[in-house]
Amino acid sequence: MSDNPLFNRMQARIQMAKEMSEEQKLYRYNGVLYPTLMCPEENMRALDNLKAREDDLMLVAYPKCGFNWMVGVIKKIMAEGTGDKTERKTPPLIEFFGPEVLKAVEESPSPRFLGTHLFPDNIPPSFYEKKTKMMVIFRNPKDTLVSYYHFCNNNPVLPTVESWDSFFSQFMKGEVSWGSYFDHALAWDKKMDDPNVMIVTYEDLKQDLKAGVHQISNFFGFNLTEAQVQQIAEKSTFSSMKENSGQSHGNIGNVIFRKGEVGDWKNHFTPEQSREMDEAFNKHLAGTRLGAKMDYQKYCQ
Ligand SMILES: Nc1ncnc2c1ncn2[C@@H]1O[C@H](COP(=O)(O)OS(=O)(=O)O)[C@@H](OP(=O)(O)O)[C@H]1O
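Residues numbered from 1 in each chain as written. Predicted model: local features only at pLDDT ≥ 70, side-chain atom pairs only at ≥ 80, totals over all residues.

- Per an unreviewed UniProt entry, the chain goes by Sulfotransferase and derives from Oryzias melastigma.
- Check the Sequence similarities (unreviewed entry) section of the UniProt entry for the chain; it says "Belongs to the sulfotransferase 1 family." (UniProt positions renumbered as here; feature names shortened; annotations may be inferred.)

1. Quick word on the overall build of the chain
Argument step 1. What the chain contains, in helices and strands, is 17 helices and six strands.
Argument step 2. Its C-alpha atoms give the chain a radius of gyration of 19 Å, near enough to 19 Å, the size a compact globule of 301 residues would have.
Argument step 3. Seen through its principal axes, the chain has C-alpha atoms that stretch 50 × 45 × 40 Å.
Argument step 4. Evaluated residue by residue, the chain yields a buried proportion of 34% over its 301 residues.
Argument step 5. Pairs at least 24 residues apart make up 75% of the contacts formed inside the chain by residues separated by at least 6 positions. (Helix = DSSP H or I, 4+ residues; strand = E, 2+ residues; numbered from the N terminus. Rg over C-alpha atoms; globule rule 2.2 N^0.38 Å. Buried ≥ 20, exposed ≤ 12 C-beta atoms within 10 Å, placed from the backbone. Contact = placed C-beta atoms within 7 Å.)

2. Considering the sheet that holds strand S6 (residues 197–201)
Argument step 1. If you walk across this open sheet you meet the four strands as S4-S3-S5-S6, and the pairing is parallel. Every interior strand has two partners, whereas the edge strands, strand S4 (113–116) and S6, have only one. With strand direction ignored, the average angle separating the axes of adjacent strands in the sheet is 20°.
Argument step 2. The sheet contact formed by strand S3 (residues 57–61) and strand S5 (residues 133–138) spans five bridges and is parallel. Residue pairing across strands places Ala61 opposite Ile137, the latter belonging to S5.
Argument step 3. Strand contacts of helix H3 (residues 67–82): S3, S4 and S5, with the helix running at about 165° to S3, the strand carrying the most contacts. (Pairing = 2+ DSSP bridges. Axes fitted to C-alpha atoms, helices over the stretch in contact; angles between N-to-C directions.)

3. Quick notes on the nonpolar core
Argument step 1. Counting 53 residues, the largest nonpolar core has Leu59, Ile74, Val136, Ile137 and Phe138 as its most contacted members.
Argument step 2. The biggest single contributor to this core is H3, with eight residues.
Argument step 3. If we ignore the near neighbours within four places in the chain, the residues touching Val136 are Val60, Ala61, Trp188, Val197 and Ile199.
Argument step 4. Core analysis: the second largest hydrophobic core is formed by eleven residues, Phe167, Phe168, Phe171 and Trp265 among them. (Core = buried A, V, L, I, M, F, W, Y, C linked by C-beta atoms within 7 Å.)

4. Here's the deal with the site of the ligand
Argument step 1. Close to the ligand lie 22 residues, the nearest being Phe67, Asn68, Ser147, Arg258 and Gly260.
Argument step 2. Among the secondary structure elements, those contributing two or more residues to the shell around the ligand are H3, helix H6 (141–154) and helix H12 (238–243).
Argument step 3. In terms of residues, the shell around the ligand owes the most to one element, H6, which gives four residues.
Argument step 4. Classifying every residue of the shell around the ligand by side-chain character gives ten nonpolar, seven polar and five charged. (Near = placed C-beta within 6 Å. Nonpolar A, V, L, I, M, F, W, Y, C, P; charged D, E, K, R; others polar.)

5. What about the environment of Arg112?
Argument step 1. Along the chain, Arg112 turns up in the loop between helix H4 (98–107) and S4.
Argument step 2. Overall, the presence of 18 C-beta atoms within 10 Å leaves Arg112 in the partly exposed class.
Argument step 3. Once the C-alpha coordinates of Arg112 and Lys190 are considered, the two residues, 78 residues apart in sequence, prove to be 26 Å apart.

6. Looking at the packing of H3 against helix H11 (residues 226–235)
Argument step 1. Two elements in contact, H3 and H11, have axes separated by 10 Å at closest approach and are oriented at 150°. What the angle tells us is that H3 and H11 run roughly antiparallel. Considering how the two elements wind past one another, H3 and H11 form a crossing that is right-handed. Each of Val73, Lys76, Ile77 and Glu80 in H3 lies in contact with H11, whose residues at this interface are Gln228, Ile232 and Lys235. (Parallel < 35°, antiparallel > 145°, perpendicular 65-115°, else oblique. Left-handed = near helix turned anticlockwise from the far one by under 90°.)

7. What about the confidence of the model for the chain?
If pLDDT is low for a region, its predicted coordinates should not be looked at in detail.
Argument step 1. The predicted model of the chain has a mean per-residue pLDDT of 95, with 99% of residues at 70 or higher.
Argument step 2. Both confidence scores are given for the complex: pTM 0.97, ipTM 1.00. (pLDDT = per-residue confidence, 0-100.)

8. Description of the pairing of S5
Along a regular strand, successive side chains alternate from one face of the sheet to the other.
Argument step 1. Of all six residues that make up S5, six are buried, and the element is covered over most of its length.
Argument step 2. Taken together, the five bridges between S5 and S6 define a ladder with parallel strand orientation. Of the residues in S6, the one forming a bridge with Val136 is Ile199.

9. A closer look at the environment of Glu162
Argument step 1. Structurally, Glu162 is set in the loop between H6 and helix H7 (164–173).
Argument step 2. C-alpha of Glu162 to C-alpha of Thr82: the two residues are 80 residues apart in sequence and 47 Å apart in space.

10. Regarding the packing of H3 against helix H10 (residues 209–219)
Argument step 1. Interaxial distance between H3 and H10 falls to 10 Å at its minimum, and their mutual angle equals 60°. Overall, the two elements H3 and H10 adopt an arrangement that is oblique. In this structure, H3 meets H10 at a crossing whose hand is right-handed. Contact residues: Val73, Ile74, Ile77 and Gly81 in H3; Val213, Ile216 and Ser217 in H10.
Argument step 2. Looking at the contact of H3 with H10, its residues break down into five nonpolar, two polar and no charged.

Take a look at the structure:
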């Protein structure tokens, strides 16, 4: 037993997962697949009662697009920007909360840091009503798929993947937890003019993390010094976050912080699968602003 109740809860869920069949590990809520143990129906229903605040910081990501990376970055920005360096261990995913945690979140002081993998239309409406600032991180679909494949293979609360080929097909059909990558991307593309939404890409952040930290802190209204930005960027590299992942995430840390690279898809995709993804990208995202921002040709071809 760890002295961190969150790690213990995760361990308990892993134990429960061992007693479940593979089919039981996912269920559908409003037509979309979710992991049964992490976001049961009770959690999803409880979200109807979550009241957003104007000064909440909201992080949104389709699974495996760099959510945990940005959790690290935003926590550090908040610590520097507010001067409150208390280490908060609660993972900010609102769909993992459940009624009890939600109650505590309702009572916690501003600014609150929240996050989600939910499709934009399934985020509680009060976030839009309150004009809460939402930062969205996207990653190229080929590396996202590879990262998702490894995550499913190594996370006992998710169904074990039968094979690379079968996971590839499931992802392309949107038959994975939180639904279709392309549906998420298209929905966010339509919100790119919203001044309360900022979309960043994993690849741009890999290229220049310092510029990214600047951009993110400005978006959330924190005016950091050059030295603070520099220090946050240094502590948020893949190697430094992986090194600290036991502390920050417990046993699952090694699974989340796997490789942290752009282009690992080249080690997994067959030429045929690569073509299939290119076609899907062209069909859904070519000609969109988000599609252009992703620079698919540079990172996926
Ligand atoms: N600091 C840093 N720099 C670069 N890349 C990083 C960093 N932190 C996490 N990662 C990589 O992000 C991938 C995990 O994505 P998520 O955190 O969104 O996963 S989750 O859906 O919330 O479980 C996963 O990608 P893969 O390594 O390709 O699997 C992580 O390694």
